[in-house]
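Chain by chain, the residues:
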Amino acid sequence: MPILTIESTCDETAAAVISDDGRVLGECVATQETLHEQFGGVVPEVAARAHVERILPVIDTALRKAGLQGADLDAIAVADRPGLAGSLLVGVVAAKTLAVAWKKPLVAINHLHAHLYACQMASDVSVYPCIGLVVSGGHTSLYHCTSPLDLEYLGGTIDDAAGEAFDKVGAMLNLGFPGGPAVSRLAAQGDPNAHAYPRSMLKEPGYRFSFSGLKTAVHYSIAPPGVKDFSNINLSDQAKADICASFQAAVVDVLVAKSVRAVKAYEAGFLIVGGGVAANPVLRTGLQTAAEKNGFQLVIAPMNLCTDNAVMGAIALEKIRRGEFAPLDLDITAGLQRGF
Ligand code: KG4
Ligand code: ZN
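Below: a short report on this structure. Residue positions are counted from 1 within each chain, in the order its sequence is given. Chains and ligands are labelled by the order in which they are written, letters from A for the one and numbers from 1 for the other. Side-chain atom pairs in this predicted model are given and counted only at pLDDT of 80 or more, local residue features only at pLDDT of at least 70, and totals for whole chains, interfaces and linings cover all residues. Side-chain metrics in this entry use all non-hydrogen atoms of the structure; hydrogen atoms and water are not considered.

### Some thoughts on the sheet that holds strand 3 (residues 24–31)
Strands were regarded as paired on the criterion that DSSP finds at least two bridges between them. Only DSSP runs of H or I covering at least 4 residues are called helices, and only runs of E covering at least 2 are called strands; the numbering of each starts at the N terminus. Pairing is mixed in the open sheet, where 5 strands are placed in the order 3-2-1-4-5. Of all strands in the sheet, those bounded by a partner on one side alone are strand 3 and strand 5 (106–110). On average, each strand axis in the sheet is tilted by 20° relative to the strand beside it, whichever way the strands run. Relative to strand 3, strand 2 (residues 12–18) runs antiparallel, the two sharing 7 bridges. Among the inter-strand pairings, Ala14 is bridged to a residue of strand 3, identified as Val29. By the convention used here, residues are in contact when the closest approach between their heavy atoms is within 4.5 Å. Angles shown run from 0 to 180 degrees and are taken between the N-to-C directions of axes, each axis being a line fitted to C-alpha atoms and, for helices, limited to the stretch in contact. Where helix 4 (residues 111–121) meets the sheet, its contacts fall on strand 1 (3–7), strand 4 (75–81) and strand 5, and the angle it forms with strand 5 comes to roughly 80°.

Written out as structure tokens, the structure reads:
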């Protein structure tokens, strides 16, 4: 029987109905970009209130697309970590309520593991064991994965996440929110060698990342230290494009180098990459070139499964196979998940 998956960790309200063999029977994503755009970033309270309004229509739409009702489901799965507290709560409370009303078991999903599972969903063969790279708005983390549910954290960012850096650079250049897609579009017109931005921690052994210094370097090429209001910056379109291209090249260089380092150290046959920044075309090409050069298989999440969605919640099927259900007093685990 199919399962219902619910995602509300940040600013996307999403639900999907997945068959027990992993086929997507129905799905729906409601984004909140226009709500947060005016603030230049996700406002947690605004996000939580929007989830409240949207969660039931979104679930309803996913079920309708699948032509199913609550009684037809085998389980209700929901992302309970990591993320914004108010946002997570809406999804978890909805899932628990439906589980009680429809008398269905509850399954808890780790949103980061789900981002990586999107890669397995796109592959005909098992990608495990592998190295997993999560690059999203809140996380930049490398894992050694022996199964979809067994992940050893190798290292991650010590400050900003890659997506966060894209968003902040986009904000400094007045490109709107979220900055990632806009920065990558503009970067296509720019020169990646125009600015020699730092490749932070590249030479340091291990798998730690840092993007805060890079963000500051970009700041100083836009405006002098101390400037906090970028609304009046006066740069040509070409100058903006060159900054975007050079910034993007610096991010991609470290992401590719540390991923390859992990693949080699663990003699992994596969590298899997998920999260919003995995939609970045230059990162995708850079990883592909590295895979061909170093002889490993690369599986990047399909474009529609990079940013937040409920389809990747199909990882719940793996938990059900293991008999790992959540209690009805399931609580959220909010905040960032770093170091494990
Ligand atoms: O995975 P996601 O939807 O949400 C989190 O779990 O955080 O990732 C969102 C992040 C944002 O920071 C967004 O700017 C970034 O992914 N992003 C991109 C691109 N598309 C989305 N970053 C770089 N290039 C892109 N094309
Ligand atoms: Zn995400």
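### Thoughts on the site of ligand 1
We call a residue near a molecule or strand as soon as one heavy atom of that residue lies within 4 Å of the molecule or strand. The local shell around ligand 1 holds 20 residues, among which Gly137, Asp167, Gly180, Gly276 and Asp308 are the closest. In this structure, His111 approaches ligand 1 through a side-chain N or O atom, which is 3.2 Å from an oxygen atom. Any N or O atom pair separated by 3.5 Å or less is treated as a polar contact, with the protein-specific requirement of one donor-capable and one acceptor-capable atom, and with residues adjacent in sequence counted only for side-chain atom pairs. With respect to ligand 1, the backbone of Asp308 contributes an N or O atom lying 3.0 Å from an oxygen atom. Note that accessible areas follow from Shrake-Rupley with a 1.4 Å probe, and for residues the cover is restricted to the protein chains shown. If ligand 1 stood free it would expose 560 Å²; the protein chains cover 89% of that surface. Using a grid of 1 Å spacing that covers the protein atoms alone, one calls a set of points a cavity when a 1.4 Å probe fits there but cannot get out, and a pocket when the set is open and has protein on both sides within 12 Å along at least five of seven lines; lining residues are those with an atom within 4 Å of a point. Should more than half of a molecule's atoms lie within 2 Å of a pocket's or cavity's grid points, that molecule is taken to sit in it. Mapping ligand 1 onto the cavity grids shows that it belongs to the largest pocket. Among the secondary structure elements, those contributing two or more residues to the shell around ligand 1 are helix 4, helix 5 (162–172) and helix 6 (179–187). Under this grouping Gly is polar, as are all residues other than the nonpolar Ala, Val, Leu, Ile, Met, Phe, Trp, Tyr, Cys and Pro and the charged Asp, Glu, Lys and Arg. Residues of the shell around ligand 1, tallied by class, amount to 6 nonpolar, 12 polar and 2 charged.

### Observations concerning the packing of aromatic side chains
Ring pairs shown here join Phe, Tyr and Trp side chains whose ring centres sit within 6.5 Å, with only the six-membered ring taken for Trp; geometry is labelled stacked below 30 degrees between planes, edge-to-face above 60, and tilted in between. According to the stated counting rule, one finds 3 aromatic pairs in the structure shown. Ring plane angle 70° and centroid distance 5.8 Å describe the contact between Tyr143 and Tyr153, whose orientation is recorded as edge-to-face. Here Tyr143, found in strand 7 (residues 140–147), pairs with Tyr153, found in strand 8 (residues 150–156); they are 10 residues apart in sequence, far enough to count as distant. Look at Tyr143 and you get buried, because its relative accessible area is 1%. Between Phe166 and Phe247, the ring centres sit 4.9 Å apart and the planes meet at 75°, which makes this aromatic pair edge-to-face. On the criterion of sequence distance, the pair formed by Phe166 in helix 5 and Phe247 in helix 8 (residues 237–265) is long-range, its members being 81 residues apart. Under the scheme applied here, a residue whose accessible area is under 20% of the maximum for its type counts as buried, over 50% as exposed, and between as partly exposed, the area being computed with a 1.4 Å probe on protein chains only. A relative accessible area of 0% means that Phe247 is categorised as buried.

None of the figures reported here should be taken as evidence of function without further support.
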